Amino acid sequence: MLFKKLHHAAIIVSDYQRVRAFYVEKLGFPVLRETYREDRGDWKLDLQFGDSELEIFAIPGAPPRLSWPEAQGLRHLAFQVEDMELAVQELEEKGIPCEPIRWDPCTQRRMTFFHDPDGLPLELHE
């Protein structure tokens, strides 16, 4: 089986409006679809991510992440950037703190982490 690309990544969030504002207004992801699923009582937000999608679900009563940060399951989402300093500066100007920039020993590229409103680790990778 040959996989061509990642179609989408999906995350479940605790507060739909707060997380929507973070990904759409602060990070600038374009909205593809925004759907209230009445039969499930939840929201589904599909965001454009390059030629892929980021799906955000707000499911009432979803349990929080079990431990930080090494629980089984999704570890983090990584976004490629061209200019690390500029990307970090833009995030911090929007009130989003970043960890110190460091080298990834596997790729020999610079990287840093920041977090979404639920504490999901998000990586910038140059």
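For the structure, see preceding data.
Residues numbered from 1 in each chain as written. Predicted model: local features only at pLDDT ≥ 70, side-chain atom pairs only at ≥ 80, totals over all residues. Heavy atoms only, no water.

### A look at the sheet that holds strand S4 (residues 52–58)
Sheet strands pair by backbone hydrogen bonding; their relative direction is either parallel or antiparallel.
Okay, step 1: As summarised here, the arrangement of the four strands in space is S1-S4-S3-S2, forming an open sheet in which the pairing is mixed. In the strand order of this sheet, the two ends are held by strand S1 (8–13) and strand S2 (31–37), each with one partner. On average, each strand axis in the sheet is tilted by 15° relative to the strand beside it, whichever way the strands run.
Okay, step 2: Relative to S4, strand S3 (residues 42–49) runs antiparallel, the two sharing seven bridges. Bridging across to S4, Leu 47 finds its partner in Leu 54.
Okay, step 3: Contacts from helix H1 (residues 16–26) reach S1, S2, S3 and S4, with the element oriented near 5° to S3. (Pairing = 2+ DSSP bridges. Helix = DSSP H or I, 4+ residues; strand = E, 2+ residues; numbered from the N terminus. Axes fitted to C-alpha atoms, helices over the stretch in contact; angles between N-to-C directions. Contact = heavy atoms within 4.5 Å.)

### A short note on H1
Okay, step 1: Among the residues of H1, those classed as buried are Tyr 16, Val 19, Arg 20, Phe 22, Tyr 23 and Val 24. The buried residues of H1 all sit within an arc of 165° when viewed along its axis, so they share a single face. Along H1, the residues that are exposed and aim more than 90 degrees away from the buried face are Gln 17 and Glu 25.
Okay, step 2: Residue Asp 15 occupies the N-cap position of H1, its side-chain oxygen lying 3.3 Å from the main-chain nitrogen of Gln 17.
Okay, step 3: Backbone geometry just downstream of H1 places Gly 28 in the positive-phi region, at approximately 85°. (Buried < 20%, exposed > 50% of the residue type's maximum accessible area, 1.4 Å probe, protein only. Arc of directions from axis to C-beta. Polar contact = N/O pair within 3.5 Å; in protein donor to acceptor, adjacent residues only side chain to side chain.)

### A word on the pattern of salt bridges
Okay, step 1: Across all of its chains, the model carries ten salt bridges by this definition.
Okay, step 2: Salt-bridge contacts for Glu 99 lead to Arg 102; the nearest nitrogen and oxygen are separated by 3.2 Å.
Okay, step 3: The partly exposed category is assigned to Glu 99, whose relative accessible area is 30%.
Okay, step 4: The exposure class of Arg 102 is partly exposed, given its relative accessible area of 36%.
Okay, step 5: The structure contains a network of salt bridges with shared partners spanning Arg 33, Lys 44, Asp 46, Glu 53 and Glu 55. (Salt bridge = Lys/Arg side-chain N within 4 Å of Asp/Glu carboxyl O.)

### A few points about a negative patch on the surface
Okay, step 1: Taken together, the side chains of Glu 82, Asp 83, Glu 90, Glu 92 and Glu 93 make up a negatively charged region of the molecular surface.
Okay, step 2: In this fold, Glu 92 is placed in helix H2 (residues 84–93).
Okay, step 3: For Glu 92, a relative accessible area of 42% puts it in the partly exposed group. (Patch = residues over 30% accessible without salt bridge, like charges linked within 9 Å, V, L, I, M, F, W, Y side chains within 5 Å. Areas by Shrake-Rupley, 256 points an atom, 1.4 Å probe, with all protein chains shown as cover. Lys, Arg positive; Asp, Glu negative; His and termini not counted. Charge placed at Lys NZ, Arg CZ, Asp CG, Glu CD.)

Nothing here speaks to function; it is all geometry.
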